[in-house]
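Geometric and topological summary
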Amino acid sequence: MNPNVTLTSTRTVDGGYLIDGINYDYSKFPGGEIHVRIPKKISRCTIKASICGSDDLMTVLLLNDAAKRAGAMYVSLELMYIPYAQQDRICESGEALSVKIMADLINSCGFNRVTVYDPHSYVSTALINNCKIVEVADILTSEKFQSKLDGLIDVLVAPDAGAYKKVLNVSRFGDVPVVHATKNRVNGEVQSVTLHGDVAGKNCLVIDDICVGGRTFTELGKALKEAGAGDLSLYVTHGIFSKGLDELNLYYKKIYSTDSRPEAVKLAEEKKIELVKL
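Reading the values: the criteria
Residues numbered from 1 in each chain as written. Predicted model: local features only at pLDDT ≥ 70, side-chain atom pairs only at ≥ 80, totals over all residues. Heavy atoms only, no water. Salt bridge = Lys/Arg side-chain N within 4 Å of Asp/Glu carboxyl O. Buried < 20%, exposed > 50% of the residue type's maximum accessible area, 1.4 Å probe, protein only. Helix = DSSP H or I, 4+ residues; strand = E, 2+ residues; numbered from the N terminus. Disulfide = S-S within 2.5 Å. Pairing = 2+ DSSP bridges. Right-handed = clockwise from strand over helix to strand, strands pointing away. Phe/Tyr/Trp six-rings, centres within 6.5 Å; stacked < 30°, edge-to-face > 60°. Lys NZ or Arg CZ within 6 Å of the ring centre and 35° of its normal. Polar contact = N/O pair within 3.5 Å; in protein donor to acceptor, adjacent residues only side chain to side chain. Contact = heavy atoms within 4.5 Å.

1. Quick notes on the pattern of salt bridges
- Counting across every chain of the model gives 14 salt bridges.
- Residue Lys202 pairs with Asp198 through a salt bridge whose shortest N-O separation is 3.7 Å.
- By relative accessible area, which is 47% here, Asp198 ends up partly exposed.
- The salt bridge partner of Glu274 is Lys254, with a shortest N-O separation of 3.9 Å. One end of the pair, Glu274, is in strand 15 (residues 274–276); the other, Lys254, is in strand 14 (residues 254–258), with 20 residues separating them in the sequence.
- Look at Glu274 and you get partly exposed, because its relative accessible area is 25%.
- Given a relative accessible area of 22%, Lys254 falls into the partly exposed group.
- Here the residues in one salt-bridge network are Arg215, Glu219 and Lys222, joined through shared partners.

This is how it looks when you write it as structure tokens:
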């Protein structure tokens, strides 16, 4: 099996539903092409995927076809992370609109339902057929996350305008105030952050959908500490952490992420972050 792509089948038992994991056959031909085979007949199934590369994408496409050839009349996709969604607009002539290409590939499979988690852009979800969104508020108000919180959170922090509405939705469940920030960029790079609200002496939870290199969060952590904030925690749904955690650890007491990316799963196994399972 591809560790980033799992397959489950659903069957009716005594008026209810039973979910079975399927250990599908997965191999590669000498030329690098992927081969999959589902070893039994199925009627309904779900493909759950963290697509981090072309092999993961091809596994999803092939499993969808194999499932239908194995008898599945209903195939759904749980897309833990939508690849290529960060390029959701054309900035310069000659660029590809990658989010549209990815959506077209997904739609070509004809999935009965596509569930996505805390998408970076709602452009992607508007382009995907039969799409259901699990919002960050659904994740952070769940018992899975609440049980992991280390101490009282006084303030929720949105790192930019894009995250502000999402964080407001989270705050409504616990009546926690929200402070937002704006990024100050030079040549496209975040150089500093301006805070809008009072954080002095308050424990803060920073919330965003994705952390790639982490520059936004290190600058935000610096600004929060300079404003007199207490303990800082960071939550990102999709943790890539391409530059590691050293800079982030200078400011954040706890870092939380989901299992939508293998990088975050590995860091959790090393006890470097807290993992929230989707």
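2. Topic: the state of the cysteines
- Inspection of every chain in the model, using the stated rule, returns zero disulfides.
- Distance from the sulfur of Cys45, which forms no disulfide, to the nearest cysteine sulfur (Cys109) is 11 Å.
- Cysteine Cys204 shares no disulfide, and the gap to the nearest cysteine sulfur, in Cys211, comes to 18 Å.
- What makes Cys204 buried here is its relative accessible area of 0%.

3. Side note on the environment of Leu62
- With respect to the helices and strands, Leu62 occurs in helix 1 (residues 54–69).
- Given the relative accessible area of 27%, Leu62 is considered partly exposed.
- Separated by 47 residues in the primary sequence, Leu62 and Cys109 place their C-alpha atoms 9.5 Å from one another.

4. Considerations on the pairing of strand 12 (residues 204–211)
- Among the eight residues that make up strand 12, eight are buried, leaving the element largely enclosed by the rest of the structure.
- In this sheet, strand 12 lies alongside strand 9 (residues 155–158) in parallel orientation, the contact comprising three bridges. Opposite Val157, over in strand 12, you have Val206 as the bridge partner.
- For the handedness criterion, the β-α-β arrangement of strand 12, helix 7 (residues 215–226) and strand 13 (residues 232–239) is classed as right-handed.

5. Observations concerning the packing of aromatic side chains
- Going through the model one piece at a time under the given rule, you end up with two aromatic pairs.
- Ring centres of Phe145 and Tyr235 lie 5.6 Å apart, and the angle between their planes is 75 degrees; this geometry places the pair in the edge-to-face category. A residue pair is termed long-range when its members are at least 10 positions apart, and Phe145 in helix 5 (residues 143–146) and Tyr235 in strand 13 qualify at 90 residues.
- A centroid spacing of 5.2 Å and a plane angle of 70 degrees characterise the contact between Phe145 and Tyr256, whose relative ring orientation is edge-to-face. Taken together, the positions of Phe145 in helix 5 and Tyr256 in strand 14 put the pair 111 residues apart, joining distant regions of the chain.
- Judged by its relative accessible area of 0%, Tyr256 falls in the buried class.
- By the ring-pair criterion, three or more aromatic residues cluster together here, those being Phe145, Tyr235 and Tyr256.
- In this arrangement the basic side chain of Arg44 is found over the ring face of Tyr74, its NZ or CZ atom lying 4.1 Å from the centre.

6. Concerning the side chain of Asp160
- Tracing the backbone through its elements, the reader meets Asp160 in the loop between strand 9 and helix 6 (161–174).
- Residue class for Asp160 comes out buried when judged on its relative accessible area of 16%.
- A polar atom in the side chain of Asp160 sits 2.9 Å from the backbone nitrogen of Ala163.
- Not counting chain neighbours up to four residues away, the residues in contact with Asp160 comprise Ala181, Lys183 and Asp208.

7. What to know about unusual backbone geometry
- Phi at Asp118 takes a positive value of approximately 40 degrees, unusual for a residue other than glycine.
- You can see Asp118 is positioned in the loop between strand 7 (113–117) and helix 3 (122–127).
- One non-glycine residue, Lys271, lies in positive phi territory at about 65 degrees.

8. Considering the environment of Lys166
- Tracing the backbone shows Lys166 in helix 6.
- According to the relative accessible area criterion, Lys166 is buried, its value standing at 13%.
- Separated by 28 residues in sequence, Lys166 and Thr194 place their C-alpha atoms 19 Å apart.
- In contact with Lys166, not counting residues within four places along its chain, are Asp118, Pro119, Tyr122, Val136 and Asp209.

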